[in-house]
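# A structural walkthrough
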There are 2 protein chains.
Amino acid sequence: MDTKNIFIVDDHVLFARSLAGLVNTFPHYQVVETFNNGAELVDALSTGIAEPSLILLDIKMPIMDGLATMKWLKKYHPFVKVLALSMEDDEQTILAMLRSGAKGYLLKDTQPDLLNLAMDSVIQQGYFHTELVTHVLMHSLHEKHTPEQEYALKENEITFIKLACEEKTYKEIAEEMSLSPKTIDGYRQQLFDKLKIKNRTGLVIFALKNKIIEI
Amino acid sequence: MDTKNIFIVDDHVLFARSLAGLVNTFPHYQVVETFNNGAELVDALSTGIAEPSLILLDIKMPIMDGLATMKWLKKYHPFVKVLALSMEDDEQTILAMLRSGAKGYLLKDTQPDLLNLAMDSVIQQGYFHTELVTHVLMHSLHEKHTPEQEYALKENEITFIKLACEEKTYKEIAEEMSLSPKTIDGYRQQLFDKLKIKNRTGLVIFALKNKIIEI
DNA sequence: AAAAAAAACAGGAAAAACCCTGTATTAAAT
DNA sequence: ATTTAATACAGGGTTTTTCCTGTTTTTTTT
């Protein structure tokens, strides 16, 4: 087997460099480039650098995060193999990455052996899935998972939620959305019913849990 | 200079192992142990393993996190040198670590060179502080920083905030705290004034930002 | 023991939030 | 073209929240 070229994309320089060292100890692998974020990778690929055999991609990055990068890759380099490497183990993130074409999803607390195995597997079989991922996939068969799908949230409802998480009155929200206060009250009521919450604090918690807003 | 022994404590196995590889490439350093959390380190030190020259300590860990570990070390191994290695760059965390005796604080996105420099500095000078840390320290001279200090939050106020973040009415909160609704209203008013917020959603956001509640 | 400060509590009222039921208006389906 | 369904909106009422200005009670200080 000839040597496989690897790219690493991770904003934590220390991790990226360390990981490169580790991967280079695996037989047949050679880290040829490390990038600090998705944008750097995109730049490089756009300016004609050769596709690697595998990209190890972090999810949480500034500038251009893992998901955005994955989506770009899916469009412009659909055949490049990507192994997502992340600390987030929440379903939404995992599913979003898999939907965008990641061939595998590893947590950063996995054993080096498993990383090696996963890399072999992705390159040879085309995919690698841990129990975690399998479990998430199984679960996803039974339920819808993005809040938009699960609760069928409409654009206006999301806008309303965002504004309701700020310290605005419903009247102010109505003005900002150019709608009648009564319509806003309708949104509120519908959301309270759908999300099974009793007041506005429930809405804030929901918004945060489902990453509709950030703090 | 003789070889310095290093411990690494980090729950992300991949990072811990990779980092060990990197550190071993630095001259005069040898990673002799890696631990997945503070508890493992404590166990090892308690059962008589030799103190290393330096501990590279992650902050965010399950079981026993960096801060708890640091406090234990301060008590039972006050002279062991610790370099905190973290992704969190918020003032509270940094200050808490420094107060507990960490000799330096690096973000995980620092360059390997800087890590090497920091390690040299901690071992030779006894400390190493980046601009980030210096800035935080300077800032801490001017302001109080835990929400309890900064806003002088009392025990009852904190309890109230926690309950107000659930979907409870003030009347229910009053019952739960065995106080008059009017007293609760007093707490609310005082907090609104102190925190410069306009309604209950502001309270929820404040509680989350200051880690009074978690989601 | 008296004065001062802090904490608990009240009255009363306006604003906002919450809740229910029903009607135009618009968009989609047949 | 007509029914259906979704969306925007209203009336009107209850509850809760928010706000302001006090008083009593307890704790702390002197």
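Check the entry above for the structure.
We now turn to the structure provided with this report.

Procedures and definitions
Residues numbered from 1 in each chain as written. Chains lettered and ligands numbered in written order. Predicted model: local features only at pLDDT ≥ 70, side-chain atom pairs only at ≥ 80, totals over all residues. Heavy atoms only, no water. Helix = DSSP H or I, 4+ residues; strand = E, 2+ residues; numbered from the N terminus. Buried < 20%, exposed > 50% of the residue type's maximum accessible area, 1.4 Å probe, protein only. Contact = heavy atoms within 4.5 Å. Areas by Shrake-Rupley, 256 points an atom, 1.4 Å probe, with all protein chains shown as cover. Pairing = 2+ DSSP bridges. Axes fitted to C-alpha atoms, helices over the stretch in contact; angles between N-to-C directions. Expected span 1.5 Å × (residues − 1). Arc of directions from axis to C-beta. Polar contact = N/O pair within 3.5 Å; in protein donor to acceptor, adjacent residues only side chain to side chain. Salt bridge = Lys/Arg side-chain N within 4 Å of Asp/Glu carboxyl O. Near = heavy atom within 4 Å. Nonpolar A, V, L, I, M, F, W, Y, C, P; charged D, E, K, R; others polar. Least-squares fit on C-alpha atoms with pLDDT ≥ 70 in both.

Attention now goes to the overall build of chain A. Helix and strand content of chain A: 11 helices and five strands. Within the span of chain A, comprising 215 residues, buried residues form 51% of the whole. Considering only contacts in chain A between residues 6 or more positions apart, those separated by 24 or more positions represent 66%. Summed over all atoms, the accessible surface of chain A reaches about 10,600 Å², with 51% contributed by carbon and sulfur.

In this section: the sheet that holds strand β5 (residues 104-107) of chain A. Residues and elements named next belong to chain A. Strand order in the open sheet made by the five strands is β2-β1-β3-β4-β5, with parallel pairing throughout. Single-partner strands in this sheet number two, and they are β2 (29-35) and β5. Each strand axis lies, on average, 25 degrees off the axis of its neighbour in the sheet, ignoring direction. Pairing analysis gives four bridges linking strand β1 (residues 4-9) to strand β3 (residues 54-58), with the strands arranged parallel. Residue pairing for β3: V9 is matched across the bridge by L57. Seen against the sheet, helix α3 (residues 66-76) touches β3 and β4 (82-86) and runs at an angle of roughly 150 degrees to β3.

Residue and element names in this part refer to chain B. The terminal C-alpha atoms of helix α10 (residues 181-195), which comprises 15 residues, lie 21 Å apart, in line with the 21 Å expected from a rise of 1.5 Å per residue. By the burial criterion, the buried members of α10 are I184, Y187, R188, L191, F192 and L195. Viewed along the axis of α10, the buried residues span an arc of 130 degrees, placing them on a single side of the element. Opposite its buried face, α10 presents the exposed residues K182 and D193, each directed more than 90 degrees away. Between the side-chain oxygen at the start of α10 and the backbone nitrogen of K182 there is a gap of 2.9 Å, and the oxygen is on S180.

Attention shifts here to the pattern of salt bridges. Pairing of side chains with opposite charge becomes possible as their charged atoms draw close. On inspection of all chains with the given rule, the structure shows 14 salt bridges over all chains. Residue K168 of chain A is joined to E166 of chain A by a salt bridge in which the shortest nitrogen-to-oxygen separation is 2.6 Å. Using a relative accessible area of 17% as the deciding quantity, one classes K168 of chain A as buried. Among the ionic pairs, K194 of chain B bridges to E157 of chain B, the shortest N-O distance being 3.0 Å.

Turning our attention to the protein's contact with DNA strand D. Neighbouring residues of DNA strand D: 17 residues in total, closest K182, T183 and Y187 of chain A together with Y170 and R200 of chain B. Backbone atoms, meaning sugar plus phosphate, form 61% of the atoms of DNA strand D positioned within 4 Å of the protein. Residue assignment for the surface near DNA strand D shows that the elements contributing at least two residues are α10 (181-195) of chain A together with α9 (170-176) and α10 of chain B. In terms of residue count, the dominant contributor to the surface near DNA strand D is α10 of chain B (four residues). For the surface near DNA strand D, the per-class residue count stands at four nonpolar, six polar and seven charged.

With an axial shift of 0.0 Å and an RMSD of 0.6 Å, the rotation relating chain B to chain A amounts to 180 degrees. Expressed as a symmetry operation, the mapping of one chain copy onto the other fits a two-fold axis. By C-alpha distance to the rotation axis, the residue of chain B lying nearest is S18 of chain B, at 2.2 Å. Taken together, the interface assignments show that 100% of the residues at the interface of chain B recur at the interface of chain A, consistent with an identical surface on both copies.

With that out of the way, let us pick up the protein's contact with DNA strand C. Taken together, 17 residues surround DNA strand C, and among them Y170 and R200 of chain A together with K182, T183 and Y187 of chain B come closest. Near-protein atoms of DNA strand C (within 4 Å) split between backbone and bases, with sugar and phosphate holding 64%. Within the backbone of S180 of chain B, a nitrogen or oxygen atom sits 2.9 Å from a phosphate oxygen of DNA strand C. A distance of 2.6 Å separates a phosphate oxygen of DNA strand C from a polar side-chain atom of T183 of chain B. Of all the secondary structure elements, the ones that give two or more residues to the surface near DNA strand C are α9 (170-176) and α10 of chain A together with α10 of chain B. It is α10 of chain A that provides the largest number of residues to the surface near DNA strand C, a total of four residues.

Before going further, it helps to spend a moment on the interface of chain B and chain A. Taken together, the 34 residues of chain B in the interface contact 34 residues of chain A. Across the chain B-chain A interface, the total number found is zero salt bridges. On inspection of chain B and its partner chain A, the count reaches 10 residue pairs in polar contact (both at pLDDT 80 or more). Elements that contribute at least two residues to the side of chain B that touches chain A include exactly α1 (13-25), α5 (112-125) and α11 (200-209) of chain B. For the side of chain B that touches chain A, the residue count by class is 17 nonpolar, seven polar and 10 charged.

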